[in-house]
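# Structural characterization, general
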Amino acid sequence: MEVQSAIIVWCTVPDQATAEMLAKETLKEKITTCVTILPHVKSIYLWENNIVTSDELQMLFKGNACHQQELFKLIKKLHPYKLPEIFSILIDSGEAKYLTWLY
């Protein structure tokens, strides 16, 4: 039997339309179970040797770790940034019924 693990995938996006499109596509493809969109984050980062400040939204894709690579691939395909921020965190514990729902 395969051991299942929950993950959270973080990703920033430039606007609400992009966030909603990514959320709906990943849910439609059943590669995530829940997506949280956090508005009004400010990112300050080094890009091509310049300090850049951007107003963005933070997305949290939650689901089963077995879909991680497929989720990364879809986000990269649909994301407007040349190099989108995409990384995952493995969830090692949580409320059992909620984690079961994520699987």
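It should be noted that the structure appears before, not after, this text.
The notes below deal with the structure included here.

## Here's the deal with the overall build of the protein chain
Secondary structure summary: the protein chain contains three helices and four strands in total. Shown N-terminal to C-terminal, the secondary structure of the protein chain runs as helices and strands in the order β-α-β-β-α-β-α. Principal axes of the C-alpha set define a box for the protein chain whose edges measure 50 × 25 × 20 Å. Contacts spanning at least 24 positions in sequence make up 71% of the contacts within the protein chain whose residues lie at least 6 apart. Carbon and sulfur atoms provide 57% of the accessible area of the protein chain, an area that totals close to 6800 Å². Side-chain charges of the protein chain comprise 10 positive and 12 negative groups, with the mean position of each set lying 5 Å from the other.

## With respect to the packing of aromatic side chains
Inspection of the entire model under this criterion finds two aromatic pairs. For the ring pair W10 and F87, a centre distance of 5.9 Å and an interplane angle of 10° mean the geometry is stacked. Here the residue W10 occupies a position in strand β1 (residues 6-13), and F87 occupies one in strand β4 (residues 86-91), the gap between them amounting to 77 residues. For F87, a relative accessible area of 36% corresponds to the partly exposed category. With a centroid separation of 5.4 Å and an interplanar angle of 50°, the aromatic rings of Y98 and W101 are classed as tilted. Here the residue Y98 and the residue W101 both occupy positions in helix α3 (residues 96-102), the gap between them amounting to three residues, near one helical turn. Residue class for W101 comes out partly exposed when judged on its relative accessible area of 48%.

What counts, and at which threshold
- Residues numbered from 1 in each chain as written.
- Predicted model: local features only at pLDDT ≥ 70, side-chain atom pairs only at ≥ 80, totals over all residues.
- Heavy atoms only, no water.
- Helix = DSSP H or I, 4+ residues; strand = E, 2+ residues; numbered from the N terminus.
- Contact = heavy atoms within 4.5 Å.
- Areas by Shrake-Rupley, 256 points an atom, 1.4 Å probe, with all protein chains shown as cover.
- Lys, Arg positive; Asp, Glu negative; His and termini not counted.
- Charge placed at Lys NZ, Arg CZ, Asp CG, Glu CD.
- Phe/Tyr/Trp six-rings, centres within 6.5 Å; stacked < 30°, edge-to-face > 60°.
- Buried < 20%, exposed > 50% of the residue type's maximum accessible area, 1.4 Å probe, protein only.

Limitation: the analysis is restricted to geometry and does not speak to function.
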